[in-house]
Amino acid sequence: IYSYIGLAMRAGQVVSGDDTTLKELKKGKISLVVVADDASENTKKLFKDKSSFRKVNYIELSTKDGLGMSIGKDSRAVIGIKDIGFANKIVELID
């Protein structure tokens, strides 16, 4: 899963951080929202609600540090996957 997220990052198909992910989600450019298990309850609720409203897949995975490390950055509570192919593969691996 982490390697696919890293691959998507190198392909330029990942946005990270609360504000950037939310902005791209509102524009309709996100195919999958990944929120860290240790993110705040407010963050989880915000992204779960916004994702379901826009019919975008939402998953909780790993920790903030784990998500950040998978994309080669500091800890991140939220990342968004833009490409539908990467998004589907990550969801498939989790299920």
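Analysis parameters
- Residues numbered from 1 in each chain as written.
- Predicted model: local features only at pLDDT ≥ 70, side-chain atom pairs only at ≥ 80, totals over all residues.
- Heavy atoms only, no water.
- Pairing = 2+ DSSP bridges.
- Helix = DSSP H or I, 4+ residues; strand = E, 2+ residues; numbered from the N terminus.
- Axes fitted to C-alpha atoms, helices over the stretch in contact; angles between N-to-C directions.
- Contact = heavy atoms within 4.5 Å.
- Patch = residues over 30% accessible without salt bridge, like charges linked within 9 Å, V, L, I, M, F, W, Y side chains within 5 Å.
- Areas by Shrake-Rupley, 256 points an atom, 1.4 Å probe, with all protein chains shown as cover.
- Salt bridge = Lys/Arg side-chain N within 4 Å of Asp/Glu carboxyl O.
- Lys, Arg positive; Asp, Glu negative; His and termini not counted.
- Charge placed at Lys NZ, Arg CZ, Asp CG, Glu CD.
- Buried < 20%, exposed > 50% of the residue type's maximum accessible area, 1.4 Å probe, protein only.

A. Representation of the sheet that holds strand β2 (residues 32–35) within the structure. With mixed pairing, the four strands of this open sheet are ordered in space as β1-β4-β2-β3. The open sheet has two edge strands with one neighbour each: β1 (14–16) and β3 (57–60). Mean inter-strand twist for the sheet, computed between neighbouring axes without regard to direction, equals 20 degrees. Here four bridges tie β2 to β3, and the two strands are oriented parallel to one another. Within β3, the position partnered with Val34 by the bridge is Ile59. In the packing of helix α2 (residues 18–27) onto the sheet, contacts are made with β1, β2 and β4 (78–81), and the angle to β1 comes to roughly 130 degrees. Of the strands in this sheet, β2, β3 and β4 are in contact with helix α3 (residues 41–53), which crosses β3 at around 160 degrees.

B. Spatial organisation of a negative patch on the surface. A cluster of acidic residues, Asp37, Asp38, Asp65 and Asp74, forms a negative patch at the surface. Tracing the chain through its elements places Asp37 in the loop between β2 and α3. You can call Asp37 partly exposed: its relative accessible area is 40%.

C. Representation of the environment of Leu32 within the structure. Along the polypeptide, Leu32 turns up in strand β2. Residue Leu32 is classed as buried on the basis of its relative accessible area of 0%. Each C-alpha atom of the pair Leu32 and Tyr58 lies 5.9 Å from the other, and the pair is 26 residues apart in sequence. In contact with Leu32, not counting residues within four places along its chain, are Val56, Asn57, Tyr58, Ile59, Ile79, Gly80, Ile81, Ala87, Ile90 and Val91.

D. Up close: the pattern of salt bridges. All chains considered together, the criterion is met by five salt bridges. Glu60 is paired through a salt bridge with Lys44; the nearest N and O atoms lie 3.7 Å apart. Taken together, the positions of Glu60 in strand β3 and Lys44 in helix α3 put the pair 16 residues apart, joining distant regions of the chain. Judged by its relative accessible area of 12%, Lys44 falls in the buried class. Its salt-bridge partner being Glu92, residue Lys89 comes within 3.4 Å of it at the nearest N-O pair. With Lys89 and Glu92 both in helix α5 (residues 84–94) and three residues apart, the pair spans about one turn of that helix. According to the relative accessible area criterion, Glu92 is exposed, its value standing at 51%. In this structure, a network of salt bridges that share partners links the residues Glu41, Lys44 and Glu60.

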